[in-house]
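Close look at the chain arrangement
In case you want the letters, here they are:
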Amino acid sequence: MSDDGAASGESVDLYPRARAYDSVRAVLSDDNNYERGVAGAQEVLAAVLAESGVEGLAEVAVELSLKLASAMERIAGDQGLAAVDLADVWFVD
């Protein structure tokens with residue numbers, strides 16, 4: 001699958017985006033059962049590994065990182081923060 005809407009004019013492989021979406025949906029699917037959500041995400045990523053190998057899994061990880069960074073930029077902007085500062089708060093204990 002590809003999408004010709006890439007900013008750089010290149011095609012974008014939609015498989016990693018779709019699997020990243022599936023993984024996030026699995027985690028969000030049941031607010032009352034964290035373990036079930038994590039298990040669902042692990043199933044999606046195990047399927048990616050089986051279908052596309054380590055390279056496909058890495059592509060999904062990059063897609064997740066890009067989407068998370070974009071969301072953090074929006075949230076940080078709304079709060080008057082730099083996105084990297086927000087990331088520090090979210091990821092550093």
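This text follows the structure it describes.
Residues numbered from 1 in each chain as written. Predicted model: local features only at pLDDT ≥ 70, side-chain atom pairs only at ≥ 80, totals over all residues. Heavy atoms only, no water.

1. Considering the overall build of the protein chain
The secondary structure content of the protein chain amounts to three helices and two strands. Across the 93 residues in the protein chain, those meeting the buried criterion constitute 19%. Sequence-distant contacts in the protein chain: of pairs separated by 6 or more residues, those separated by 24 or more amount to 26%. Accessible surface, the protein chain as shown: approximately 6,700 Å² in total, 55% of it carbon and sulfur. (Helix = DSSP H or I, 4+ residues; strand = E, 2+ residues; numbered from the N terminus. Buried < 20%, exposed > 50% of the residue type's maximum accessible area, 1.4 Å probe, protein only. Contact = heavy atoms within 4.5 Å. Areas by Shrake-Rupley, 256 points an atom, 1.4 Å probe, with all protein chains shown as cover.)

2. With respect to the side chain of E63
Residue placement: E63 occurs in helix 2 (residues 34-79). Look at E63 and you get buried, because its relative accessible area is 11%. Here the side chain of E63 touches R17 through a polar contact of 3.5 Å, side chain to side chain. Not counting residues up to four positions away in its chain, the partners in contact with E63 are P16, R17 and A20. (Polar contact = N/O pair within 3.5 Å; in protein donor to acceptor, adjacent residues only side chain to side chain.)

3. With respect to the pattern of salt bridges
Enumeration over the complete set of coordinates arrives at two salt bridges. Between R17 and E63 there is a salt bridge; the shortest N-O distance is 3.5 Å. Of this pair, R17 sits in helix 1 (residues 14-28) while E63 sits in helix 2, and the two are 46 residues apart along the sequence. By relative accessible area, R17 is classed as partly exposed at 31%. (Salt bridge = Lys/Arg side-chain N within 4 Å of Asp/Glu carboxyl O.)

4. Details of the packing of helix 1 against helix 2
One way to put it is that helix 1 packs onto helix 2 with a least axis distance of 8 Å and a crossing angle of 140°. It follows from the interaxial angle that helix 1 and helix 2 lie oblique. Every pair of crossing elements has a handedness; the one defined by helix 1 and helix 2 is left-handed. (Axes fitted to C-alpha atoms, helices over the stretch in contact; angles between N-to-C directions. Parallel < 35°, antiparallel > 145°, perpendicular 65-115°, else oblique. Left-handed = near helix turned anticlockwise from the far one by under 90°.)

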